[in-house]
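Single-letter residue listing:
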Amino acid sequence: MIWYPYEQMKKMKDPYKIVDAEGVYIFTEDKKLIDSVSSWWSVIHGYRNPKITEAIKNQADKFSHVMLGGLTHDSVEKLSDKLADFLPGDLDYCFFSDSGSVAVEVALKMALQYYVNKNDLKRTKILSLTHAYHGDTFKTMEAGDDEDYHFILKAYGENPNVIHIDTNIDDLEKAFLKYHEELNCFIVEPLLQGAGGMRMYDISFLKRARELCDEYGVLLIFDEVATGFGRTGNRFVSDLVLPDIIVLGKALTGGHIGHAATVANKKVFDGFYSDDDTHALMHGPTFMGNALACSAALASIEIFEAEDYMSKIKHIEELTKEYMEGFTAEGIMEVRMMGGCVCIEVEDGSMLKGYQEFAYERGVFARPFLNYLYAMVPYIITDDELLKVLSTMKEWFNK
Ligand SMILES: *Cc1c(COP(=O)(O)O)cnc(C)c1O
């Protein structure tokens, strides 16, 4: 039997069984649904993109996988070159892994070991944000602050080496003043906190964070697993403020195969590059640099560049603003928009109960959580399709 994610299995309703998918649509036996979630925000080009499918097939005709332990191959070499080009600044050193959570683990491991390699054993503390989400593995849960994981706190207590702050500059400055001698790194989902409730904040916070990190020698990590590849209306938030380490996942392969990357700058890489074997990064997921995934990622980035995705995303943002700005109804706390993300926050999560079925009947797949009804559509969506997603959201409150 399948144990489904984030579900009380005893009460779970049957999942919709998908038999086909193409473009923005997923198909059940009898319904055609616009996927307003983009399969957890990853399928940015839509389903069954012909170029990505072809890239995967071509690679599979040669080989699907070889390990990176002592071996390498064209697709992973090309992808790391491409990422080094495509990412801003000197974010050039690509460590691949099989999921976003693992890639965040690797980022934290890099940051922590960076200072150990320098024989600075005082810098043990991780600064992160309230409502942060960085993944489902143990260290990422600790760095995160997701209500769903507070069972961890109950059983194990809070980790004294993780400090959470809100996204305001005052709290940021206070945390640096108080902890700077012990601070190792500051990890954030830049501009848009996804699974913590689609919370949006201002770039000035990140600019100040960069200054403080420079002043006190703290490493800045951007978890762009969700925000990367255009979701905020920027290619990467790292284009605006440059971190020391960026983490990519979700849309990296256009959502066609799971893969992720932790990309470090030269300063971080140099912290490991030495004659001392104990300074090496001891990590190596079995399927890191998987050839099918690397081929898919390469094709995905090529499409992103060739087809001017940034203007597509700008257009989605404009249309969404035009249609949703000022929308209100009883129980709505706030409507938030940024790039290819829109979120209606309600006072009480029970108000969203039944929305999934309501949307299903109207040809839209949605998956609201807690107090948040949101859409993160594939960027190839047409105006009519986008308006259908948005009008379904509005209709729910006006019914
Ligand atoms: C989804 C997500 C992760 C975890 O990625 P997985 O591939 O699900 O392990 C980490 N960080 C952020 C910001 C995410 O949105």
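The rules we used
- Residues numbered from 1 in each chain as written.
- Predicted model: local features only at pLDDT ≥ 70, side-chain atom pairs only at ≥ 80, totals over all residues.
- Heavy atoms only, no water.
- Salt bridge = Lys/Arg side-chain N within 4 Å of Asp/Glu carboxyl O.
- Helix = DSSP H or I, 4+ residues; strand = E, 2+ residues; numbered from the N terminus.
- Buried < 20%, exposed > 50% of the residue type's maximum accessible area, 1.4 Å probe, protein only.
- Near = heavy atom within 4 Å.
- Polar contact = N/O pair within 3.5 Å; in protein donor to acceptor, adjacent residues only side chain to side chain.
- Areas by Shrake-Rupley, 256 points an atom, 1.4 Å probe, with all protein chains shown as cover.
- Nonpolar A, V, L, I, M, F, W, Y, C, P; charged D, E, K, R; others polar.
- pLDDT = per-residue confidence, 0-100.
- Axes fitted to C-alpha atoms, helices over the stretch in contact; angles between N-to-C directions.
- Left-handed = near helix turned anticlockwise from the far one by under 90°.
- Contact = heavy atoms within 4.5 Å.
- Pairing = 2+ DSSP bridges.

## A word on the pattern of salt bridges
Next, step 1: Applying the stated criterion across every chain, the model contains 21 salt bridges.
Next, step 2: Note that Glu-357 and Lys-13 form a salt bridge whose closest N and O atoms lie 4.0 Å from each other. Note that Glu-357 is positioned in helix H12 (residues 355-361) and Lys-13 in the segment before strand E1 (20-22), a separation of 344 residues in sequence.
Next, step 3: We classify Lys-13 as partly exposed; its relative accessible area is 36%.
Next, step 4: Across the pair Arg-210 and Asp-214 runs a salt bridge, and its minimum N-O distance is 2.8 Å.

## Observations concerning the site of the ligand
Next, step 1: Taken together, the residues surrounding the ligand are Trp-41, Ser-99, Gly-100, Ser-101, Tyr-133, His-134, Gly-135, Glu-189, Asp-223, Val-225, Ala-226 and Lys-250.
Next, step 2: Within the side chain of Ser-101, a nitrogen or oxygen atom sits 2.6 Å from an oxygen atom of the ligand.
Next, step 3: Side-chain polar atom of Lys-250 to an oxygen atom of the ligand: 2.6 Å apart, as the coordinates give it.
Next, step 4: Surface burial for the ligand is 83%, taken as the share of its 380 Å² of free accessible area covered by protein chains.
Next, step 5: Considered class by class, the residues forming the shell around the ligand number four nonpolar, five polar and three charged.

## Remarks on the confidence of the model for the protein
Next, step 1: Mean pLDDT over the protein: 97, with 100% of residues reaching 70 or higher.
Next, step 2: Mean pLDDT across the elements of the protein ranges from a minimum in helix H6 (residues 150-156), with 75, to a maximum in strand E11 (residues 245-248), with 99.

## Here we look at the packing of helix H11 (residues 309-324) against helix H13 (residues 383-398)
Between two packed helices, the angle of one axis relative to the other and the distance separating the axes together describe the packing.
Next, step 1: Running from N to C, H11 and H13 cross one another at 35 degrees; their axes reach a closest spacing of 11 Å. As for how H11 packs across H13, the hand of that crossing is right-handed. Mapping the contact onto sequence places His-315, Ile-316, Leu-319, Thr-320, Tyr-323 and Met-324 in H11 and Asp-383, Leu-386, Leu-387, Leu-390, Ser-391 and Lys-394 in H13.
Next, step 2: Residues that form the contact of H11 with H13 fall into these classes: seven nonpolar, three polar and two charged.

## Brief notes about the pairing of E11
Within a regular strand, side chains alternate between the sheet's two faces.
Next, step 1: Judged by which residues are buried, E11 turns out to be covered on both faces: Ile-245 and Val-247 on one side and Ile-246 and Leu-248 on the other are all buried.
Next, step 2: Bridging between strand E10 (residues 219-223) and E11 involves three bridges; their strand directions are parallel. Bridge pairing in E11 links Asp-223 to Val-247.
Next, step 3: Across four bridges, the pairing between E11 and strand E12 (residues 260-264) is antiparallel. The residue bridging Leu-248 from the neighbouring strand is Ala-261, located in E12.

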